[in-house]
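Secondary and tertiary structure notes
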There are 2 protein chains.
Amino acid sequence: MTENGAHSGPALPEIRRDPVTGAWSILAVGRSRRPGAVPGKATVEPLCPFCPGNESLTPPEIWAEGREGGPPDSPGWKIRVVPNLYPALMPEAGTRGWRRGTRVGRPAYGDHEVIINSPGHDRSLGDMGQEEAVGLMHAYLRRYRHFASQPRLKQVQIIINHKKEAGASLDHPHTQVFVLPVVTRAVADELREARRHDGKGCPLCAAVLEASEDGRVVLENEAWTAFVPYASCAPFEVRFVPRRHNPDFATSDENDIGGMADVLTRTLKALSTQLNNPPYNLWIHSAPCDGKDHAYYHWHVEMVPRIIVSAGFELATGMYINILSPEEAARQLREAVITRALPAKM
Amino acid sequence: MTENGAHSGPALPEIRRDPVTGAWSILAVGRSRRPGAVPGKATVEPLCPFCPGNESLTPPEIWAEGREGGPPDSPGWKIRVVPNLYPALMPEAGTRGWRRGTRVGRPAYGDHEVIINSPGHDRSLGDMGQEEAVGLMHAYLRRYRHFASQPRLKQVQIIINHKKEAGASLDHPHTQVFVLPVVTRAVADELREARRHDGKGCPLCAAVLEASEDGRVVLENEAWTAFVPYASCAPFEVRFVPRRHNPDFATSDENDIGGMADVLTRTLKALSTQLNNPPYNLWIHSAPCDGKDHAYYHWHVEMVPRIIVSAGFELATGMYINILSPEEAARQLREAVITRALPAKM
């Protein structure tokens, strides 16, 4: 930010490729205006823009669930979807890439939405009951399908940042939908691993069985398993896997969605009990929506609590140091899980 | 940690491979005993183990510089090298790997040392003058060469975590040396990019020239250039590159070391001035010491300030969102750089 408050740099977001590491970064100077984006310059936010009654503080809503009558952008909703006020990707960004020596880039063409999880300012996914969580998962599925079917968009990335320490800029629990014109490095890595493993079957299907052998399962229902991975990158990392091998979140049925809501809410409750409501990041990984065949990929959800600071070793090596054994993490989470009967309609 | 304080999990550190992502993690349950390793359980540290007079609080020293007479582990040193009390890699770990289904791992064979940068409890690399910093760089070189020449060790990773927010568990400025039996993902990525680019020359050599064209140079001397990368992953990221194309830190000469001390100290001073002594991670990237030919690789140093929390998007995609243009970051750092004449003996 320049001293007069103007933001130098490209007006529209760009995706740039580092010629040394091969990593891509989005340069989105507009996001520096977000509340709390610049440390030590915390903005006073007198009103939560995500609470009912404050709808005028967000851009006009894209979609809302649960409002019975009443105009858009009025209270009464249960879930509300709005454009991100500080988008990292935009449909206006254009699509034409460039290459000047090692300076390789392309416009950050895509989209960036916010799903306000519920009207409750302190109500996170882990606080929800089954029916409410199923509603939220359906909202995810709806937005996912909307973008996945469009041309030129290759990955729809749904994430939750829970609490400031995990990167949330607003306290009111919400979900972000990043829609990208590229297959990101993390998903490309998973595609490569799954393809490499293909002759031996799906590595995630195998890992679910092995987690059971090793005592690393946190909980399961008839459709999903939640387990602590053998090579966890951080204490209490949990991987959530639909038992049915399926590459694509978009093709989920009621059984998948019901099981997903159940494993997520019960695991997050256990995590909150065990670690006193820690910050975490949660995301959905699905095969790219690029029209190619990714039958070997297995879509899933990941959750990493942010209780350890990643440091120079992690940045320098791309490896992680974990100080809690996955078996012990699973044992502690299992003890904190509230057992509940699954709804009959699962 | 179990309730009785025992640490379940393997007694010796292991490197485990995730079958879904392909990432490696070190499982080192002994490191959970580090001060501050478990959040909310901050240990009171009445005495700094890295301050002169407290030498008995570290394991016996491996090497020290500057002590004129006097026994090991006594005061009077200028730089002191000790084993890490909570090692992530150990020579005792063994070398034999395993594979049980998708559970792939190997012992965390290697070493893990701490270089205490100076006797000064508040004296970081950026506070040092040229001569003192040259001494520290020579200590890095000495430990690097020691390990790089040994069999079965493939990467010597030197890092600084500056301040707790960047992962430092002790305030007294220090450097860590991780010695690994594998080429890590980050260095493998850089090797692949450099090899891919090989017909067009070294991407880092090209990036230095382009940084100059774009106004992204922070400072330079006759041997080194410090610049903000085109695709910076975070605000004020700086890449430090020796002008002489050379794959291997171990082969550095006096000219390289003098230039390195100069660009690092002056850039870190500028960063501290501009951002009020922010936390940062800094690391050396050199070609693997695996006996192979990596002539196309260009060794260098990276520094990333930890002023932005990486969030779910970064974890889910392996991409970054940067909110400050590299050109603007370079301009701000340049303004804060103290110009000083290089010593005549450079």
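Here, every reference points to the structure presented above.
Here is a short report on the structure shown in this document.

Conventions we followed
- Residues numbered from 1 in each chain as written.
- Chains lettered and ligands numbered in written order.
- Predicted model: local features only at pLDDT ≥ 70, side-chain atom pairs only at ≥ 80, totals over all residues.
- Axes fitted to C-alpha atoms, helices over the stretch in contact; angles between N-to-C directions.
- Helix = DSSP H or I, 4+ residues; strand = E, 2+ residues; numbered from the N terminus.
- Parallel < 35°, antiparallel > 145°, perpendicular 65-115°, else oblique.
- Contact = placed C-beta atoms within 7 Å.
- Nonpolar A, V, L, I, M, F, W, Y, C, P; charged D, E, K, R; others polar.
- Pairing = 2+ DSSP bridges.
- Expected span 1.5 Å × (residues − 1).
- Buried ≥ 20, exposed ≤ 12 C-beta atoms within 10 Å, placed from the backbone.
- Least-squares fit on C-alpha atoms with pLDDT ≥ 70 in both.

The next subject is the packing of helix α4 (residues 254–275) of chain A against helix α6 (residues 326–336) of chain A. All names here are of chain A. As a packed pair, α4 and α6 sit with axes 8 Å apart at the nearest point and diverge in direction by 100°. The angle between α4 and α6 falls in the class roughly perpendicular. Where α4 abuts α6, its residues T267, A270, L271, T273 and Q274 lie against Q332, L333 and A336. Broken down by class, the residue content of the contact of α4 with α6 amounts to 4 nonpolar, 4 polar and no charged.

A word on the interface of chain A and chain B. With 74 residues of chain A in contact, the opposing surface of chain B contributes 73 residues. For the side of chain A that touches chain B, the leading source of residues is helix α2 (residues 185–196) of chain A, giving 6 residues. In terms of residue class, the side of chain A that touches chain B is made up of 38 nonpolar, 22 polar and 14 charged. Bridge count for strand β2 (residues 24–27) of chain A against strand β15 (residues 320–322) of chain B is 3 bridges, and the pairing is parallel. Among the inter-strand pairings, I26 of chain A is bridged to a residue of β15 of chain B, identified as I321 of chain B.

Our next topic: the environment of D171 of chain B. Summarising the element assignment, D171 of chain B is placed in the loop between β8 (155–162) and β9 (174–180). With 144 residues separating them in the primary sequence, D171 of chain B and L27 of chain B have C-alpha atoms 24 Å apart.

Turning our eyes to something else, we now look at helix α1 (residues 130–148) of chain A. All names here are of chain A. Across its 19 residues, α1 extends 26 Å between first and last C-alpha, which sits within 8% of the 27 Å expected from 1.5 Å per residue. Three or more residues of α1 are buried, namely A133, V134, L136, M137, A139, Y140, R143, Y144, F147 and A148. In this structure, the buried side of α1 is in contact with β3 (63–65), β4 (79–83), β7 (111–116), β8 (155–162), β9 (174–180) and α4.

Here the focus is the sheet that holds strand β6 (residues 103–107) of chain B. If you trace the 5 strands from one edge of the open sheet to the other, you get β15(A)-β2(B)-β1(B)-β6(B)-β5(B), paired in mixed fashion. Sheet topology places β15 (320–322) of chain A together with β5 (98–100) of chain B at the edges, where each strand pairs with a single neighbour. Neighbour-to-neighbour, the strand axes of the sheet open up by a mean angle of 25°, direction not taken into account. In the sheet, strand β1 (residues 14–17) of chain B pairs with β6 of chain B via 4 bridges, with the strands oriented antiparallel. Paired with R17 of chain B across the strands is V104 of chain B, a residue of β6 of chain B.

So, on to unusual backbone geometry. Unlike most non-glycine residues, R152 of chain A shows phi in positive territory, near 70°. Inspection of the secondary structure puts R152 of chain A in the loop between α1 and β8. Within the chain, N276 of chain B stands out as a residue other than glycine whose phi angle is a positive 60°. Examined against the element boundaries, N276 of chain B turns out to sit in the loop between α4 (254–275) and β13 (280–285).

So, about the pairing of strand β14 (residues 300–305) of chain A. Residue and element names in this part refer to chain A. Where burial is concerned, most of β14 is hidden: 6 out of the 6 residues are buried. Pairing of strand β12 (residues 238–242) with β14, which is carried by 3 bridges, proceeds in the antiparallel orientation. By the bridge assignment for β14, R239 is matched with E302. The pairing of strand β13 (residues 280–285) with β14 spans 6 bridges and is antiparallel. Counterpart to L282 in the pairing with β14 is M303.

Placing chain A over chain B gives an RMSD of 0.0 Å and needs a rotation angle of 180°, together with 0.0 Å of translation along the axis. Viewed as a symmetry operation, the transformation between the two copies matches a two-fold axis. When the interface residues of chain A are mapped onto chain B, 99% of them again lie at the interface, so the same face is used by both copies.

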